[in-house]
Amino acid sequence: MPLSSHRRLAVSATLIAALAAGVAPATSAFAAPGTPVSPTAATTPAVPAPDMDGVVAALNSAMANGAPGAMARFVGPDGVRSRTVGVQDRVSGARMDIDSRFRIGSVSKTFSAVVLLQLVQEGKLGLDEPVNTYLPGLLPDDRITVRHLLTHRSGLADYTNAMFEHTVPGFESVRNRVFSYQELVDLSLSEPRTTQPGVSYQYSNANFVVVGMLIEKLTGRPVADAYERRIFKPLKLRKTSYVHPDVRIKGGHVRGYLHPDEEGGALVDSTEQTVSWAQSAGAVISSPADLNTFTSALTRGRLLSPAMMEAMTTVTPTDATNTRFYGLGLRRYNLSCGTQVYGHTGTVQGFYTYAFSTRDGRRSLSAVANTSNHGAANTALGGTLEAAFCGKKPAPAASSRAAASPTARDLGSLPAERDLPERH
């Protein structure tokens, strides 16, 4: 056979192997803040085996930084691997249980985004239509669109900054309170807007409160009904629920512990609360397995059309590291090995959560630590992503060190993004 034919066969075999491995797209060029990045720009390296020792090290680091316990569950081509450390109940001493439920905080935003995008698919609203088209007179600026809400570019102030300026007193003042959506919007509108519509990313829980209002207006049903019919039941998420304003987590669950602002202060058991201050921005309850199922199903295209997934995963940078991005209710992280993962982080009093999958849905990780208001624990928990998706890191050469990639950094070297104000 001619040499050129051998080369063509070798190239074809390489391409087939890459496709069989489920290689996810990656972006190699630097993206300036505010510049949309297509999710189909390039390709990533071959899939590494997860470093479960590294996952445990990250979980132990979260404990060393104030969490009573932590756990992670990874699903990949070779099956399920899970790890737990510490306790899920400081009083009983019950060990962390990978089957337990917990509050997922802002991971709820992705659930809300999926429902709203399904309504877009059904022609009930348009992404680039003003919010006031559907909720007349709600917002003081007709330029704020549905897309601005989902991308945190509306400029609506995050009312939780004032609400939790003093962490424990703020929490106790709302622990059992039931807010209306309108009350939460009014709290936001009582503060100056952070940016003009569409100009820059400014994370705000108020955006997804309005998303909840849109869902209820367009469906004529509570948001809980939309979650149940459109996501929980179709995906058989039997441990996922939205119980607002009930304060209980049914079944076996992790207890959450909130750090006070005072250094060395006693942890506050924050498990029971209405989460009415968040609602469609952060009140969903789930489990590690259900979160794996949800993020994998989403990225595989089981919940949204290809065109809507393209829109959801087209992202813009959220900081200057070119590592962290935001789409439509969806974060993207570029890991140090070049792998891109999609999902969301979550913070609610007493719980930090990470729930991410590769774009092809073949690998997913969910991780939780049962504390909050202690950012070092959140940052440590983020290290589970690097270990699970990038595998064991090679030992650095004695004589030379490779230059850091300009588009992918070790997430563990960056402070975790804040979904709520924190004092530590």
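Residues numbered from 1 in each chain as written. Predicted model: local features only at pLDDT ≥ 70, side-chain atom pairs only at ≥ 80, totals over all residues. Heavy atoms only, no water.

### Quick look at the pairing of strand E10 (residues 340–348)
We count it as follows: Exposure categories follow from relative accessible area, calculated using a 1.4 Å probe and restricted to protein chains: below 20% of the type maximum is buried, above 50% is exposed, and the middle band is partly exposed. Every helix listed is a DSSP run of H or I at least four residues long, and every strand listed is a run of E at least two residues long, numbered separately from the N terminus. Pairs of strands are assigned from DSSP output, requiring at least two bridges between the strands.
Buried residues dominate E10, accounting for nine of its nine residues. Where strand E9 (residues 331–334) lies against E10, four bridges are found, and the strand directions are antiparallel. When the sheet's bridge partners are listed, Asn334 is paired in E10 with Gln340. The antiparallel pairing of E9 with E10 creates a hairpin that spans five residues between the two strands, and Gly338 there sits at a positive phi of about 95 degrees. Bridge count between E10 and strand E11 (residues 351–358): eight bridges; the pairing is antiparallel. In the sheet register, Gly343 faces E11, and the bridge partner there is Phe356. Counting the residues that bridge the hairpin from E10 to E11 gives two residues, and of these Gly350 lies at a positive phi of roughly 95 degrees.

### With respect to the state of the cysteines
Defined as follows: To count as a disulfide, a pair of cysteine sulfur atoms needs to be within 2.5 Å.
Applying the stated criterion across every chain, the model contains one disulfide. With its sulfur 2.1 Å from that of its partner, Cys337 forms a disulfide with Cys390. Because the sign of the S-S torsion sets the handedness, a value of about -70 degrees for the bond joining Cys337 and Cys390 places this disulfide among the left-handed ones. Here Cys390 lies in helix H12 (residues 375–390) and Cys337 lies in the loop between E9 and E10, a separation of 53 residues in the sequence.

### Notes on the environment of Ala206
Test applied: In what follows, a contact means two residues having at least one pair of non-hydrogen atoms within 4.5 Å.
Looking at the element boundaries, Ala206 is found in helix H8 (residues 205–219). Sequence-wise, Ala206 and Tyr159 are 47 residues apart; in three dimensions their C-alpha atoms are separated by 6.9 Å. Not counting chain neighbours up to four residues away, the residues in contact with Ala206 comprise Leu156, Ala157, Tyr159 and Ser188.

### Focus: the sheet that holds strand E4 (residues 257–258)
One open sheet accounts for three strands, arranged E5-E4-E13; its pairing is mixed. Strand pairing shows two members of the sheet lacking a second neighbour, strand E5 (268–269) and strand E13 (371–372), which therefore form its edges. Of the pairings in the sheet, the one linking E4 to E5 comprises two bridges and is antiparallel in character. From the neighbouring strand, Leu258 faces E5, where its bridge partner is Val268.

### Quick look at the sheet that holds E10
Test applied: Each axis is a line fitted through C-alpha atoms, taken for helices only over the stretch in contact, and angles between the N-to-C directions span 0 to 180 degrees.
With antiparallel pairing, eight strands are arranged side by side in an open sheet as E2-E1-E12-E11-E10-E9-E8-E7. Each end of this open sheet is capped by a strand with a single partner; those strands are strand E2 (79–86) and strand E7 (316–317). Two elements, strand E8 (residues 324–326) and E9, share three bridges in a ladder whose sense is antiparallel. Bridge assignment links Tyr326 to a residue of E9, and that residue is Arg331. Strands in contact with H12 are strand E1 (69–76), E9, E10, E11 and strand E12 (364–369); relative to E11, the strand with the most contacts, it is inclined by about 20 degrees.

### Quick look at the environment of Leu125
Considering the arrangement of structural elements, one finds Leu125 in the loop between helix H3 (108–121) and helix H4 (146–150). Given the relative accessible area of 7%, Leu125 is considered buried. Through-space distance from the C-alpha of Leu125 to that of Val146 is 8.5 Å; in sequence the pair is 21 residues apart. With near-sequence residues (within four places) excluded, Leu125 lies in contact with Leu116, Leu119, Val120, Tyr134, Val146 and Leu218.

### Regarding the packing of H3 against helix H10 (residues 288–300)
Formally: Reported orientations rely on four angle classes, namely roughly parallel under 35 degrees, roughly antiparallel over 145, roughly perpendicular from 65 to 115, and oblique for the rest. In this scheme the handedness of a crossing depends on how the near helix is turned from the far one: anticlockwise by less than a right angle means left-handed, clockwise means right-handed. When residues are sorted by character, Ala, Val, Leu, Ile, Met, Phe, Trp, Tyr, Cys and Pro go into the nonpolar class, Asp, Glu, Lys and Arg into the charged class, and all the rest, Gly among them, into the polar class.
Where H3 meets H10, the closest approach of the two axes is 12 Å, and the angle between their N-to-C directions is 40 degrees. The pairing of H3 with H10 is recorded here as oblique in orientation. Crossing handedness for the pair H3 and H10: left-handed. For the pair H3 and H10, contact is made by Thr110, Phe111 and Val114 and by Leu291, Phe294 and Leu298, respectively. Its residues assigned to classes, the contact of H3 with H10 comprises five nonpolar, one polar and no charged.

### A look at unusual backbone geometry
A cis amide bond, omega 10 degrees, links His244 with the succeeding residue Pro245. Tracing the chain through its elements places Pro245 in the loop between helix H9 (223–232) and E4. Its identity is not glycine, yet Val275 carries a phi of approximately 55 degrees, on the positive side. Secondary-structure assignment places Val275 in the loop between E5 and strand E6 (285–286). Notably, Asn322 is not glycine yet its phi reads approximately 55 degrees, a positive angle.

### Here's the deal with the side chain of Ser108
Relative to the assigned elements, Ser108 resides in helix H3. Setting aside residues up to four positions removed in sequence, Ser108 forms contacts with Tyr227, Ser280, Ala281, Gly282, Ala283 and Val284.

### Observations regarding the pattern of salt bridges
This is how it is decided: Take a side-chain nitrogen of Lys or Arg and a carboxyl oxygen of Asp or Glu: if they are within 4 Å of each other, that pair is a salt bridge.
In the structure shown here, the tally under the stated rule is 18 salt bridges. One salt bridge in this structure joins Lys392 and Asp53, with 3.7 Å as the shortest N-O distance. In this pair, Lys392 is assigned in the segment after H12 and Asp53 in helix H2 (residues 52–64), connecting sequence segments 339 residues apart. For the pair Lys392 and Asp53, a shared accessibility class is recorded, and that class is exposed. A salt bridge links Glu272 to Arg255, with the shortest nitrogen-to-oxygen separation between them at 2.8 Å.

### Focus on the confidence of the model for the protein chain
Here is the rule: Summary of the metric used: pLDDT quantifies the predictor's per-residue confidence within the range 0 to 100.
Of the residues in the protein chain, 86% have a pLDDT of 70 or more, and the chain-wide mean is 90. Confidence drops under pLDDT 50 across residues 1–33; counting only partners more than four residues distant or on other chains, this segment forms 51 contacts. Below a pLDDT of 50 lies the segment residues 398–407, which in the model reaches 10 contacts outside its immediate sequence neighbourhood of four places, other chains included.

### A few points about helix H7 (residues 181–189)
Let me state the cut-off plainly: In this description, the arc belongs to the directions extending from the helix axis to the C-beta atoms.
Residues of H7 that are buried include every one of Tyr181, Leu184, Val185 and Ser188, and no others. The buried side chains of H7 occupy one side of the element, clustering within an arc of 100 degrees when seen end-on. For H7, the elements touching its buried residues are H8 and H9.

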